[in-house]
Amino acid sequence: MPFITQLKRLRLPTALRHGKEGVSRGDGPYTVHFITPEGEKIDVKATEGDTMLDLAQRYDIELECACEGSLACSTCHVICEQEYYDKMEEPTDEENDMLDLAFGLTDTSRLGCQITMNKDLDGLTVKMPSATRNMRVDGSKPTHH
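Scoring rules and cut-offs
Residues numbered from 1 in each chain as written. Predicted model: local features only at pLDDT ≥ 70, side-chain atom pairs only at ≥ 80, totals over all residues. Heavy atoms only, no water. Core = buried A, V, L, I, M, F, W, Y, C linked by side-chain atoms within 4.5 Å. Buried < 20%, exposed > 50% of the residue type's maximum accessible area, 1.4 Å probe, protein only. Helix = DSSP H or I, 4+ residues; strand = E, 2+ residues; numbered from the N terminus. Contact = heavy atoms within 4.5 Å. Pairing = 2+ DSSP bridges.

Draft legend 1. Structural detail: the nonpolar core. Ranked by internal contacts, the top residues of the largest apolar core, which has 29 residues, are Val32, Phe34, Met52 and Leu124. For this core, the leading source of residues is helix H3 (residues 52-58), giving four residues. If sequence neighbours within four positions are ignored, Val32 has contacts with Ile42, Asp43, Val44, Ala46, Met52, Leu55, Met117, Leu124 and Val126.

This is how it looks when you write it as structure tokens:
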């Protein structure tokens, strides 16, 4: 079987596809506002449990995600409004460790893969910083284990 045909038949687990199976653009009772580094405002609809990373991928918003949401980088760093930041669960120690590596860190910074949508966050605005810090791209060299 040709390689391309094999790729088309590949079925990834839902966790690897980001987002929810059967959820389309425009679905959901909640609204999230993304502000791009260029200042463009993009309004999207969200469902309960969507992460900001899920939404960015669903709506083709260029929010980098080097680790694919596994909490191993800081490239999906976003800046939240204080009002909504205060409604979120506290960041875990693991998230704070990754945030320490983020470019343009603020008091209301979070990782997009760790912000989970719920009714309290309806209307949330997240600002994407002007740059990211990706260690693999920015010069680190892989080492053999």
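Draft legend 2. Here's a closer look at the pairing of strand E3 (residues 77-80). Taking every second residue as pointing to the same face, both faces of E3 are buried, with His77 and Ile79 on one and Val78 and Cys80 on the other. In the sheet, E3 pairs with strand E4 (residues 109-111) via three bridges, with the strands oriented antiparallel. Looking across to E4, one finds that His77 is bridged to Leu111. For E3 and strand E5 (residues 124-127), the ladder comprises two bridges, and the chain directions are antiparallel. Bridging from a neighbouring strand, Ile79 pairs with Lys127 of E5.

Draft legend 3. The arrangement of the environment of Cys73 in detail. With respect to the helices and strands, Cys73 occurs in the loop between H3 and E3. Sequence-wise, Cys73 and Ala102 are 29 residues apart; in three dimensions their C-alpha atoms are separated by 8.4 Å. Residues within four places of Cys73 in sequence aside, it is in contact with Ala66, Cys67, Met98 and Leu111.

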